[in-house]
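Spelled out, the chains give:
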Amino acid sequence: MAILCNEVVKISALLLRPSCCPPLNPSQNLDSTKIKPGDISVIYVVELHKRIGKFDPKKAMELGVERGTKFRDLQLGQAVRSDRNIMVYPKDVLGPSVAGPIVFLVDCPTLSHLHQLVSLQSLNSYFDGVKIVSCVIHLSPSSVTLTAEYQTWMRKFGGAQHIMAGHEKENMEIPILTTATKMAARLNYLCPNFFPSCGFLARPDSYNGEQDIITSNMVSDPGPSKSVAAENLLKFHLRPRSLFGLDNSTVPKLLSHAKVIDDLRLEIPEIAESAIEVSNLWNKSESNLPSCMENITREEMEIVFLGTGSSQPSKHRNVSSILINLFSKGSLLIDCGEGTLGQLRRRYWYLTNGFSTLYYSFIFVDVFIL
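To start, this report covers the structure provided alongside it. (Residues numbered from 1 in each chain as written. Predicted model: local features only at pLDDT ≥ 70, side-chain atom pairs only at ≥ 80, totals over all residues. Heavy atoms only, no water.)

**Points about the environment of arginine 239**
So, point 1. For arginine 239, the position within the fold is in the loop between β10 (235-237) and β11 (245-247).
So, point 2. Considering only alpha carbons, one finds arginine 239 and glycine 100, 139 residues apart in sequence, at a separation of 9.3 Å. (Helix = DSSP H or I, 4+ residues; strand = E, 2+ residues; numbered from the N terminus.)

**A look at the nonpolar core**
So, point 1. By size, the foremost hydrophobic cluster in this structure holds 21 residues, and its most contacted members are Phe104, Val106, Leu117, Val133, Tyr150 and Trp153.
So, point 2. Listed by contribution, the elements that provide at least two residues to this core are β3 (41-48), β6 (102-106), α5 (111-118) and α7 (148-155).
So, point 3. Contact partners of valine 106, with chain neighbours within four places excluded, come to Ile43, Leu117, Val136, Ile137, His138, Leu139, Ser140, Tyr150 and Trp153.
So, point 4. In this structure, Ala60, Val65, Leu74 and Leu94 belong to the second largest nonpolar core, which totals nine residues. (Core = buried A, V, L, I, M, F, W, Y, C linked by side-chain atoms within 4.5 Å. Buried < 20%, exposed > 50% of the residue type's maximum accessible area, 1.4 Å probe, protein only. Contact = heavy atoms within 4.5 Å.)

**Details of the environment of alanine 229**
So, point 1. Within the secondary structure, alanine 229 sits in strand β9 (residues 227-229).
So, point 2. Alanine 229 sits 63 residues away from glycine 166 along the chain, and the two C-alpha atoms are 8.6 Å apart.

**Points about the packing of aromatic side chains**
Aromatic ring pairs are defined here through the distance separating the ring centres and the angle between the ring planes.
So, point 1. Scanning the entire structure with this criterion turns up eight aromatic pairs.
So, point 2. With 5.1 Å between their ring centres and 85° between their planes, tryptophan 153 and phenylalanine 157 make a pair best called edge-to-face. Like phenylalanine 157, tryptophan 153 is buried.
So, point 3. Through pairs of rings, three or more aromatic residues link up here, namely Phe104, Tyr126, Phe127, Tyr150, Trp153 and Phe157. (Phe/Tyr/Trp six-rings, centres within 6.5 Å; stacked < 30°, edge-to-face > 60°.)

**Quick look at the pattern of salt bridges**
So, point 1. Here the structure, examined in full by the defined rule, presents four salt bridges.
So, point 2. With its nearest N and O atoms 3.1 Å apart, the salt bridge here joins lysine 259 to aspartate 263. Here aspartate 263 and lysine 259 lie together in helix α9 (residues 257-267), a separation of four residues that amounts to about one turn.
So, point 3. For lysine 259, a relative accessible area of 52% corresponds to the exposed category.
So, point 4. For aspartate 263, a relative accessible area of 31% gives the class partly exposed. (Salt bridge = Lys/Arg side-chain N within 4 Å of Asp/Glu carboxyl O.)

By themselves, these observations are geometric and do not establish any function.
As structure tokens, then:
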């Protein structure tokens, strides 16, 4: 159980094991069953409490209950004795209660987990109409969710809203921090040799737009009709009932590189001449360059500020972290704070294997003990 906004929330966790692994036995340890902790996935079921039905004061007065504290007690679910010396119960004066919304968070990482997922008997009550599921968030990859078996399992939830939040590259293309993205685009316009183009605005040539391969055991239809792809800052309101459902009003839009540069030129008209001067300086012979810039190429070193905040993360800045990318010679992570892994994913999402293609020579972490 959990308390959220003065409401009791029931949270259940169901373990999901790959079909190739035997079930856990309390008398056995992990070594004997050959199950690693990373092999076990978890399905979370979140159930909000039901809403008490609408109170009917007219019916209460007909039963001999006068206005006052007894009205309040009945609305709180407590029985009272009327002026006629009879017991009046909440069910006598309250309308039908409304079941609380139910949310599923499903993580089925591989096809070997799928067999147990579709055979879980403990989920039958959510399929036969006894409990109505409002929203199902799928963390499973498309290699699992596109299979006919998984699609059939999704349809068992009836009219539930499905949000596909698997680790898809398309979900990472729209930036959340638009101000930082605009600044990166402006700096790139001024000196593209020093400041690389932001991946959200222009995909590098190395990105080949690879898509998931649909094999023979997969289906090409989109699945349940109420199924959407997850987006940054996408919301699903559970309460109040008037706002129930999806809300994409805060979802950021894809930035236009041309519009960002046009706005920059309007704001600073002389920036165009400055960009030309920087380009001419860069293209001059090496003898005319400052000594610190001799023999430097864009392919030799890249400095990426993954975070410029202080000791605490904020809405607009990650905590301090700097990546010095020496490409084939390796990389250095300096003063890497919390959230560095997520920042690396955002910066290098277009690589075939993500940021794992980066080779790290050293990782420096500053630690101060007071």
